[in-house]
Amino acid sequence: MRIDILTLFPEMCNTVMSESIIGRARQAGKVEINCIDIRDYTLDKHRRVDDKPYGGGMGMIMAPQPIYDCFSALCDEIGTKPHLIYLTPQGKTLTQERVKELAQLDNIALLCGHYEGIDERVIEALEPEEISVGDYVLTGGELPALIVADAVSRMLPGVLSGDECFEEESHFSSLLEYPQYTHPAQWQGREVPEILLSGHHANVDKWRREQSLKRTFERRPDMLEKAELSKDDKEFLSNLKRD
């Protein structure tokens, strides 16, 4: 998969995407991530990419020309139009289900807004998918773009050591993850649940499933509407509700 991040701060994005698991995946050729400087496509001799908003108001607006030309150059380079995503608080909230869908694509491009946003005309011209990472506002689209790039990249074959690394995580199956423990077995008077020390894998799996259901029920009951629940799961949840 190829992911292109269209940004005013390519070094910021490249630094983050060069670290840890994603950085190693890039080096191993499991995913290609490019950070493209929108300023390289402005026609302004001072490399300006923004201007004051028509109608007045605070802040600056990113101009349409540099963004449009940047994306057009990317399309020409790769010979196709990648799926374009504009990171904006006005978009649909990102979900793990959408991440799984995006991971099936060959090319995605992430457009990072900045200042007070981007000119509406370039949104109309490029028709990007609009995605939000939450109901709050940041100074720019870089951090949301990095979130999307990270979430999608780790779903690709070979990036993690195996599918089980993400299949049991929170949100993958519309449930929150069960509690995790490591050494030592006792810390500050708190002990690891005895079941995890038993070596009985079936019982451990049952305990983890029930803990996952319990956490979801207590913290995010809305997620249970989308979860695939077995007869035993439903019975366990029914008992929780009675308690």
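Everything discussed here concerns the structure shown above.
Residue numbers here run from 1 along each chain, matching the order of that chain's written sequence. Whole-chain, interface and lining totals are the exception, using all residues; otherwise, since this is a predicted model, local features are given only for residues with pLDDT of at least 70 and side-chain atom pairs are given and counted only at 80 or more. Side-chain measures here rest on the full set of heavy atoms in the structure, leaving out hydrogens and waters.

Our next topic: the sheet that holds strand β6 (residues 107–112). Any two strands with at least two DSSP bridges between them are considered paired. A run of H or I in DSSP becomes a helix once it reaches four residues, and a run of E becomes a strand once it reaches two; helices and strands are each numbered from the N terminus. Taken in spatial order, the 5 strands of this open sheet run β2-β1-β6-β5-β7, and their pairing is parallel. Each end of this open sheet is capped by a strand with a single partner; those strands are β2 (32–37) and β7 (129–132). When the angles between neighbouring strand axes are averaged without regard to direction, this sheet yields 30 degrees. For this analysis, residues touch if any pair of their heavy atoms sits within 4.5 Å. The axes are straight lines fitted to the C-alpha atoms, using for helices just the contacting stretch, and the angles between their N-to-C directions are given from 0 to 180°. Against the sheet, helix α1 (residues 10–17) touches β1 (2–7) and β2, its axis set at about 165 degrees to β2. On top of the sheet, helix α6 (residues 142–153) reaches β1, β2, β5 (83–93) and β6; it is set at about 175 degrees to β1, its chief contact.

This brings us to the nonpolar core. Each nonpolar core is a collection of buried residues, namely Ala, Val, Leu, Ile, Met, Phe, Trp, Tyr and Cys, held together in the definition by side-chain atoms within 4.5 Å. Exposed residues in this analysis have more than 50% of their type's maximum accessible area, buried residues have under 20%, and partly exposed residues fall in between, with area computed by a 1.4 Å probe over protein chains only. Ranked by internal contacts, the top residues of the largest apolar core, which has 27 residues, are Ile 3, Ile 5, Ile 33, Leu 87, Leu 110, Val 148 and Val 152. Sorting the residues of this core by element identifies β1, α1, α2 (20–27), β5, α4 (96–102), β6 and α6 as the ones contributing at least two each. At 6 residues, α6 tops the list of elements feeding residues into this core. Filtering out sequence-adjacent residues up to four positions away, Val 148 remains in contact with Leu 87, Leu 94, Leu 102 and Leu 110.

Direction vectors running N to C along α1 and α6 enclose 30 degrees, while the axes themselves pass 11 Å from each other. Here α1 lies roughly parallel to α6, going by the angle between them. Considering only the axes of α1 and α6, their crossing is right-handed. Residue-level inspection shows Met 12, Cys 13, Val 16 and Met 17 of α1 in contact with α6, the latter providing Glu 142, Leu 143, Leu 146, Ala 149 and Asp 150. For the contact of α1 with α6, a count of residues per class yields 7 nonpolar, no polar and 2 charged. What sets the label is the angle itself: under 35 degrees gives roughly parallel, over 145 gives roughly antiparallel, 65 to 115 gives roughly perpendicular, and the rest give oblique. In this scheme the handedness of a crossing depends on how the near helix is turned from the far one: anticlockwise by less than a right angle means left-handed, clockwise means right-handed. Each residue is assigned to one of three groups, with Ala, Val, Leu, Ile, Met, Phe, Trp, Tyr, Cys and Pro labelled nonpolar, Asp, Glu, Lys and Arg labelled charged, and all others, Gly among them, labelled polar.

With that settled, the discussion passes to a nonpolar patch on the surface. Among the surface-exposed residues, Phe 9, Met 12, Tyr 136, Leu 138 and Leu 143 lie close enough to one another that they form a single nonpolar patch of about 440 Å² accessible area. On the accessibility criterion, Leu 138 (36% relative accessible area) is partly exposed. Patch members must show over 30% relative accessible area and no salt bridge, and they are joined within 9 Å when carrying like charges or within 5 Å when they are nonpolar side chains of Val, Leu, Ile, Met, Phe, Trp or Tyr. Note that accessible areas follow from Shrake-Rupley with a 1.4 Å probe, and for residues the cover is restricted to the protein chains shown. One speaks of a salt bridge when a side-chain nitrogen belonging to Lys or Arg is within 4 Å of a carboxyl oxygen belonging to Asp or Glu.

If the charged atoms of two oppositely charged side chains come close together, the side chains can form a pair. Scanning all chains against the criterion turns up 14 salt bridges. Arg 47 is the partner of Asp 37 in a salt bridge, and the nearest nitrogen-oxygen pair spans 3.5 Å. Of this pair, Asp 37 sits in strand β2 while Arg 47 sits in the loop between β2 and β3 (50–51), and the two are 10 residues apart along the sequence. Given the relative accessible area of 14%, Asp 37 is considered buried. The class of Arg 47 is partly exposed, set by a relative accessible area of 36%.

With that out of the way, let us pick up the state of the cysteines. Whenever a pair of cysteine sulfur atoms sits within 2.5 Å, that pair is classed as a disulfide. Tallied over the full model, the rule gives 0 disulfides. Note on Cys 35: no disulfide assigned, nearest cysteine sulfur contributed by Cys 13 at a separation of 5.2 Å. In this model Cys 112 remains outside any disulfide bridge; the closest cysteine sulfur is found in Cys 13, 5.1 Å from its own.

Before going further, it helps to spend a moment on the side chain of Ser 132. Positionally, Ser 132 belongs in strand β7. Aside from chain neighbours lying at most four places away, what touches Ser 132 is Thr 88, Pro 89, Gly 91, Lys 92, Thr 93 and Leu 94.

Quick look at α2 now. For α2, the complete set of buried residues consists of Ile 22, Gly 23 and Ala 25. All buried residues of α2 fall inside an arc of 160 degrees around its axis, so they share one side. Along α2, the residues that are exposed and aim more than 90 degrees away from the buried face are Arg 24 and Gln 27. Where α2 is buried, its residues meet α1, β2 and α6. Once α2 finishes, Gly 29 follows within two positions and takes phi at roughly 80 degrees, a positive value. Think of it as the arc spanned by the lines of direction from the helix axis to the C-beta atoms.

Purely geometric stuff here, so don't read any function into it on its own.
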